[in-house]
Structure formats: C-alpha cells, structure tokens
Amino acid sequence: MGTLALETESVISDIFRSLGLKESGKENPEIPRVLRLLSSLLERSVQKNEILLENSQIKDVLTIFHGSRAPSLGIQQYLDRIFKYSCCSPSCFVLAHIYLERFIQRKKVHLTSLNVHRLVITSVMVAAKFIDDAYFNNDYYARVGGVSTKELNRLEMKFLFGLDFRLYVSVEAFGKCCSQLEKEAALGIPIERPILACRIRESWSNTDDSSCASTTAT
C-alpha cells in the first residue's frame, strides 16, 4: 500500500506541474496551462447549454449573475486578465472551478455567455480569499472584473449563500479535479466558436498594464 500511495502522489505531483500549479519563483510568471484548459471547458459548457436552451425552447432563469448582453472579451482573455492583475495563485483557478461546479449543481444554474464571466470573477475572488496568504480587496477585483464594487459585493454574498458557505475542498477532491482537467486536455475536443460574455467596460484595452505591487484584505 505504501508503494501505491507514493506512486499516486507522484502522478498527482506530475499533473500539478503539467497544469502549471507548481510555483516557478519567477517575478513575472507565464500564463499557467490550467487557464487554457479551464477556458476550453467553460467554452464547451456554455455552447452545450445555449444549444440545449435553444433547441428545447426552455427559458433560462435570470439571476444576479446575468448581464443584459454578451460583450467582446472572451473567456480565455478574461481568465488571463484576472491572473495577470490579481496576482492570485494558479491553484485559485482550480478551486474556483470546483466552487463554480458546486454552485451550478446546488442552484440549478445554466452556464451561458450572459453569466459565465460574473460567476468566474466571483469564484476566483472567493477562492483567493480562502487559500492565498495575500489578496486584493473587492474594489480592486471589481476593477479587474469590469463590474462595480457594489455589484461584486452582491455577487459575492449570493455566491457564498449558494455554496452554503462551504468553501473547504479536500486534497483528494482538488487532485481529482486536476486529473479531470488533464483528461480534458487528452480529449482535445475543439471549440467551434469563441464565446463572448457579460458586460466589460469598453474603456478596457489589451495594453492595460495595472500594477500588482500591494495587497490588502477586505
């Protein structure tokens, strides 16, 4: 049993390294691979749900996370932006994905192009507060996410109540999620079209270069 446990631990460690979850120690770390896998998974989920809603003519239930229209910033670019400016650990994005799955299952929410970004920024912020030693406050995350501070505060509370404030994730569950992401990569299922998601302020630009010099807790 001891040998099996060591082999399992070694496999998980290799997966963590492959996903970019191991700290590189670089001052300006590269975009971790896990962000690409998560964006691809979210893209497919949104496409699947929107096709389902359209074909079944089911009217989606609007929530606080829904925007009025889908803007020009795609999911992958949004995740990259959050990683670049929030300075949160790559593991936050895995934890955020687990939270997102829990929220969707508990609240019976359909992930679509109108709600995916608000759910992403909220889940990442909650994850950063839970596992990172230092993190930015809600006002900073609101600016990164393209929403007002007041709105993000409301989103955070709705999200936490939706999770029943159960933020703990076991090592086993975290490792399982990472393994599933690695399997998703092995499948190599292509994305048919880019997904655009909830309102982002038009004043944003791809050349924006905000600083991550200081951290404050809420």
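Residues numbered from 1 in each chain as written. Predicted model: local features only at pLDDT ≥ 70, side-chain atom pairs only at ≥ 80, totals over all residues. Heavy atoms only, no water.

1. Looking at the overall build of the protein chain
Helices and strands together make up the secondary structure of the protein chain, namely eight helices and zero strands. Reading the protein chain from its N terminus to its C terminus gives the helix and strand order α-α-α-α-α-α-α-α. Per-residue burial for the protein chain yields a buried fraction of 45% across its 218 residues. For the protein chain, long-range pairs separated by at least 24 residues make up 87% of all intrachain contacts whose partners lie at least 6 apart in sequence. Put simply, the protein chain shows about 12200 Å² of open surface, and 53% of that area lies on carbon and sulfur atoms. (Helix = DSSP H or I, 4+ residues; strand = E, 2+ residues; numbered from the N terminus. Buried < 20%, exposed > 50% of the residue type's maximum accessible area, 1.4 Å probe, protein only. Contact = heavy atoms within 4.5 Å. Areas by Shrake-Rupley, 256 points an atom, 1.4 Å probe, with all protein chains shown as cover.)

2. Quick look at helix α2 (residues 33–56)
Here α2 is 24 residues long and its end C-alpha atoms lie 35 Å apart, about the 34 Å a rise of 1.5 Å per residue gives. At the C-terminal side of α2, Gln57 shows a positive phi close to 60°. (Expected span 1.5 Å × (residues − 1).)

3. Regarding the nonpolar core
Formed by 55 residues in total, the largest nonpolar core has its most connected members in Phe93 and Tyr99. Mapped by element, the contributors of at least two residues to this core are α2, α3 (75–86), α4 (90–107), α5 (116–131), α6 (138–145), α7 (149–162) and α8 (171–187). (Core = buried A, V, L, I, M, F, W, Y, C linked by side-chain atoms within 4.5 Å.)

4. Topic: the pattern of salt bridges
This structure, assessed with the given rule, holds six salt bridges. A salt bridge links Lys129 to Glu156, with the shortest nitrogen-to-oxygen separation between them at 2.8 Å. In this pair, Lys129 sits in helix α5 while Glu156 sits in helix α7, placing the two residues 27 residues apart along the sequence. (Salt bridge = Lys/Arg side-chain N within 4 Å of Asp/Glu carboxyl O.)

5. Things to note about the environment of Lys129
Classification of Lys129 by relative accessible area gives partly exposed; the value is 21%. Distance from Lys129 to Cys92, taken between C-alpha atoms, is 9.1 Å for residues 37 residues apart in sequence.

6. Some remarks on the packing of α6 against α7
One way to put it is that α6 packs onto α7 with a least axis distance of 8 Å and a crossing angle of 105°. Here α6 lies roughly perpendicular to α7, going by the angle between them. Across the interface between the two elements, Asn138, Asp139, Tyr141 and Ala142 of α6 pack against Thr149, Leu152, Asn153 and Glu156 of α7. Residues that form the contact of α6 with α7 fall into these classes: three nonpolar, three polar and two charged. (Axes fitted to C-alpha atoms, helices over the stretch in contact; angles between N-to-C directions. Parallel < 35°, antiparallel > 145°, perpendicular 65-115°, else oblique. Nonpolar A, V, L, I, M, F, W, Y, C, P; charged D, E, K, R; others polar.)

7. Details of the environment of Gln105
With respect to the helices and strands, Gln105 occurs in helix α4. In this structure Gln105 comes out as exposed when scored by relative accessible area, which is 55%. Separated by 58 residues in the primary sequence, Gln105 and Leu163 place their C-alpha atoms 9.7 Å from one another.

8. Observations concerning the side chain of Asn138
Relative to the assigned elements, Asn138 resides in helix α6. Taking relative accessible area as the criterion, Asn138 reaches 7% and is therefore assigned buried. In terms of polar contacts, Asn138 uses its side chain to reach the side chain of Glu156, at 2.8 Å. (Polar contact = N/O pair within 3.5 Å; in protein donor to acceptor, adjacent residues only side chain to side chain.)

9. Focus: a nonpolar patch on the surface
Taken together, the side chains of Phe130, Ile131 and Tyr168 define a hydrophobic patch exposed on the protein surface, amounting to about 330 Å² of accessible area. Topologically, Ile131 is positioned in helix α5. (Patch = residues over 30% accessible without salt bridge, like charges linked within 9 Å, V, L, I, M, F, W, Y side chains within 5 Å.)

10. Description of the confidence of the model for the protein chain
A low pLDDT score tells you not to read the predicted coordinates there in detail. Looking at the protein chain as a whole, the pLDDT averages 78, with 72% of positions reaching at least 70. Across the protein chain, the secondary-structure element scoring lowest on mean pLDDT is helix α1 (residues 2–19), at 52, and the one scoring highest is α7, at 97. Note on residues 1–8: pLDDT under 50 across the span, and zero contacts to partners over four residues away in sequence or across chains. (pLDDT = per-residue confidence, 0-100.)

11. Here we look at the packing of aromatic side chains
What the rule picks out here adds up to six aromatic pairs. Pairing Phe65 with Phe159 gives two aromatic rings, centres 6.4 Å apart and planes at 75°, and the pair type is edge-to-face. Of this pair, Phe65 sits in the loop between α2 and α3 while Phe159 sits in helix α7, placing them 94 residues apart in sequence. Each of the two residues, Phe65 as well as Phe159, counts as buried. Summarising the aromatic geometry, the rings of Phe83 and Phe93 are spaced 6.2 Å apart at their centres and angled 55° between planes, so their arrangement reads as tilted. Of the two residues, Phe83 is situated in helix α3 and Phe93 in helix α4; the sequence distance between them amounts to 10 residues. Ring pairing ties together the aromatic residues Phe65, Phe103 and Phe159, which thus form one cluster. (Phe/Tyr/Trp six-rings, centres within 6.5 Å; stacked < 30°, edge-to-face > 60°.)

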